[in-house]
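Overview (structure and organization)
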Amino acid sequence: MIKEINYYKNDMIEFMKGMIPIRAISPDMGGQGEWDRSRYIKKFMESMGFDEIEEVNTMDDKGYTRPNLISKYYGKNRDKTIWIAAHMDTVPEGDINLWKYDPYRATLIDDRIYGRGTEDNGQDLVAGLFTIKAFIDNNIRPDYSVGFMALSDEETGSKYGMEYVMDNYSNFGKDDMFIIPDAGNEKGDEIEIAEKGILWLGLNVMGRQAHGSRPDLGINSNRILFELSMEVDRALHGLFSDQDSIFIPPYSTFEPTKMFSSVQNINTIPGSSSVYFDMRILPRYGIDEVLKTIEGKVEEYSRKYGVEIKIEIVQKNDPAPKTSENSPLVINLKNSIKEVLGVNPKTVGIGGGTVAAMARKKGYPAVVWATLEPVEHSPDEYCLIKNMIGDAEVFYKLIMKF
Ligand SMILES: [Zn+2]
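Rules of the game
- Residues numbered from 1 in each chain as written.
- Predicted model: local features only at pLDDT ≥ 70, side-chain atom pairs only at ≥ 80, totals over all residues.
- Heavy atoms only, no water.
- Helix = DSSP H or I, 4+ residues; strand = E, 2+ residues; numbered from the N terminus.
- Buried < 20%, exposed > 50% of the residue type's maximum accessible area, 1.4 Å probe, protein only.
- Areas by Shrake-Rupley, 256 points an atom, 1.4 Å probe, with all protein chains shown as cover.
- Lys, Arg positive; Asp, Glu negative; His and termini not counted.
- Charge placed at Lys NZ, Arg CZ, Asp CG, Glu CD.
- Pairing = 2+ DSSP bridges.
- Axes fitted to C-alpha atoms, helices over the stretch in contact; angles between N-to-C directions.
- Contact = heavy atoms within 4.5 Å.
- Core = buried A, V, L, I, M, F, W, Y, C linked by side-chain atoms within 4.5 Å.
- Domains from an automatic or database assignment.
- Donors = N, O, S within 2.8 Å, 3.2 Å for Na, K, Ca; no water.
- Tetrahedral: all angles 85-135°; square planar, octahedral: opposite > 155°, others 65-115°.
- Buried area = accessible area lost by both parts, 1.4 Å probe.
- Expected span 1.5 Å × (residues − 1).
- Arc of directions from axis to C-beta.
- Parallel < 35°, antiparallel > 145°, perpendicular 65-115°, else oblique.
- Left-handed = near helix turned anticlockwise from the far one by under 90°.
- Nonpolar A, V, L, I, M, F, W, Y, C, P; charged D, E, K, R; others polar.
- Salt bridge = Lys/Arg side-chain N within 4 Å of Asp/Glu carboxyl O.

Regarding the overall build of the protein
- Each helix and strand counted, the protein has nine helices and 19 strands in total.
- The C-alpha extent of the protein, read off along each of the three principal axes, is 85 × 45 × 40 Å.
- Across the 402 residues in the protein, those meeting the buried criterion constitute 56%.
- A total accessible area of about 17,600 Å² is found for the protein, and carbon and sulfur atoms account for 48% of it.
- Between the centroid of the 47 positive side chains of the protein and the centroid of its 62 negative side chains there is a distance of 1 Å.

Some words on the sheet that holds strand β7 (residues 112–114)
- Taken in spatial order, the three strands make up an open sheet running β6-β7-β19, and their pairing is antiparallel. Pairing within the sheet leaves two strands with one partner each, and these edge strands are β6 (107–109) and β19 (382–384). Geometrically, the sheet is characterised by an average inter-axis angle of 20 degrees between neighbouring strands, direction not taken into account.
- As judged from the three bridges shared by β7 and β19, these two strands associate in the antiparallel manner. Bridge pairing links Y114 to Y382 in β19.
- On top of the sheet, helix α3 (residues 118–137) reaches β7 and β19; it is set at about 35 degrees to β19, its chief contact.

Remarks on the nonpolar core
- Counting residues in each nonpolar core, the largest one holds 85 residues, and the members touching the most others are I41, L129, F148, L203 and M279.
- Both of domain 1 (5–190 + 321–401) and domain 2 (197–317) provide at least three residues apiece to this core.
- Those residues in contact with F148, other than ones at most four positions away along the chain, are M45, F50, L69, I70, S71, W83, I84, A86, L125, G128, L129 and I132.

Notes on the coordination of the zinc ion
- Binding of the zinc ion to the protein goes through H87 (NE2), D120 (OD), D182 (OD) and D182 (OD), at separations of 1.9 to 2.6 Å.
- Seen from the zinc ion, its four donor atoms lie at angles of 54 to 151 degrees, and the figure they make is irregular.
- The sequence pattern formed by the donor residues of the zinc ion is H-x32-D-x61-D. Residue H87 is located in strand β5 (residues 77–87), and its partner D120 is located in helix α3; the two are separated by 33 residues in the primary sequence.

Focus: the domain arrangement of the protein
- The domain architecture assigned to the protein consists of domain 1 (5–190 + 321–401) and domain 2 (197–317).
- For domain 1 and domain 2, the distance between their C-alpha centres works out to 38 Å.
- Contacts between domain 1 and domain 2 engage 11 residues on the former and seven residues on the latter.
- Summing both sides of the interface, domain 1 and domain 2 together bury roughly 690 Å²; the carbon and sulfur share of this comes to 55%.
- When the area that domain 1 buries against domain 2 is broken down by residue, the three leading residues are K322, G349 and G351, summing to 50%.

As for helix α2 (residues 35–48)
- Look at α2: 20 Å from first C-alpha to last across 14 residues, which is about the 20 Å you get at 1.5 Å a residue.
- Restricting attention to buried positions, one finds in α2 the residues R37, S38, I41, K42, F44, M45 and M48. Buried residues of α2 fall within an arc of 165 degrees about the axis and therefore sit on the same side. With respect to the buried face of α2, the exposed residues turned more than 90 degrees away are D36, K43, E46 and S47.
- At the C-terminal side of α2, G49 shows a positive phi close to 100 degrees.

As for the packing of helix α5 (residues 221–239) against helix α6 (residues 287–305)
- In the contact formed by α5 and α6, the axes pass within 10 Å of each other and the chain directions differ by 150 degrees. Regarding the angle of α5 to α6, the classification is roughly antiparallel. For α5 against α6, the interelement crossing comes out right-handed. Here α5 contributes I224, E227, L228, E231, V232, A235, L236 and L239 to the contact with α6, which in turn contributes V290, T293, I294, K297, V298, Y301, K304 and Y305.
- Its residues placed into classes, the contact of α5 with α6 shows 11 nonpolar, one polar and four charged.

As for the pairing of strand β10 (residues 190–195)
- The buried count for β10 comes to five of six residues, which makes it a mostly enclosed element.
- Strand direction decides the pairing type here: β10 and strand β17 (residues 346–350), joined by five bridges, are parallel. Within the sheet, the bridge partner assigned to E195 lies in β17 and is I350.

Description of the pattern of salt bridges
- Scanning the model with the defined rule gives 28 salt bridges in all.
- Of the charged contacts, one joins D51 and R141 as a salt bridge, the two residues approaching to 2.7 Å between their closest N and O atoms. You can see D51 sitting in the loop between α2 and β1 (52–55) and its partner R141 sitting in the loop between α3 and β8 (144–151), a full 90 residues away along the chain.
- Given a relative accessible area of 33%, R141 falls into the partly exposed group.
- The salt bridge involving D242 is made with R284; its shortest N-O contact spans 3.3 Å. Of the two residues, D242 sits in the loop between α5 and β13 (253–261) while R284 sits in the loop between β15 (272–281) and α6, which places them 42 residues apart along the sequence.

The structure is reproduced here in structure tokens:
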């Protein structure tokens, strides 16, 4: 008799219960990395009967080995692999007093499992593994190979995780495709197929400090910065104003966020002031065009006031090409979701920042999809067991449709 996903419900819960106490926090966030957790997952992978299990590990700048587990179950045709890629790392628990449940115990209550990382990304790490376990146990070879990745470093930028794997794993086929089950809503009807480019940039104005009563002896860096930043804001919104309804919101965003000046008191004219912008830019624009506009304004203001103004680029991520709504991956996923969850999924674009962009930049179609409660990174994070099962059923159906 064929084993359905639901057959594994208790095994999935047990696997989660074993995983959550093994912390996997990035050294950049004060943890020890993913090594111990990866041994737990690898041991399970070895028990499953994959055709290949590989590690694409690297050492980070603090000397920790950052593991990436990559396993494959062959299809009838091995030229193409459908990858499910989940991450092992979690953010820290934060303020422990805000938790009712032990973040590192995986407490089961009704349909919920509480604990840090149970949802992000535990739920779909478990769902992905058991999807493939069902194929193996039932001795069903899908038409194409199915791959599973347990990745490091997602919460701190993926340099040692997805990005490293995309550059260093040598067995990708040119027609591979990626499912990244790491974002989504409660209904499971949102498929992310595009991301905006990201530019985080600081403007620093160097004026001249003086006593608050003698502005004539100084140059007030705040005033210049206020004017400049409003000018930059207006210019960017004017020049890069296109809309694309797939995105939420449908336009590029240019937001002044963090700011500070060199004075903490009221009675000093500041000699140095900074503002940072968080910009999310539609894929149709090049980030360099945006940068050029900013540089033009900075030069103008620097000349006008005779001051030095520095541009600091904190993060610059060109947008990846979007995955087509008409790709078989998107169409098959839509139909699988419809059949399993009974909802009508829509494709969306977001502000940027998932590992899917790293696959898209290499030319692979990639979808970001999962059924998730809005509790990732919060105290008393939990996952719904029905979402864990439902997502696995969707993956199973999707793979069968190829
Ligand atoms: Zn995540």
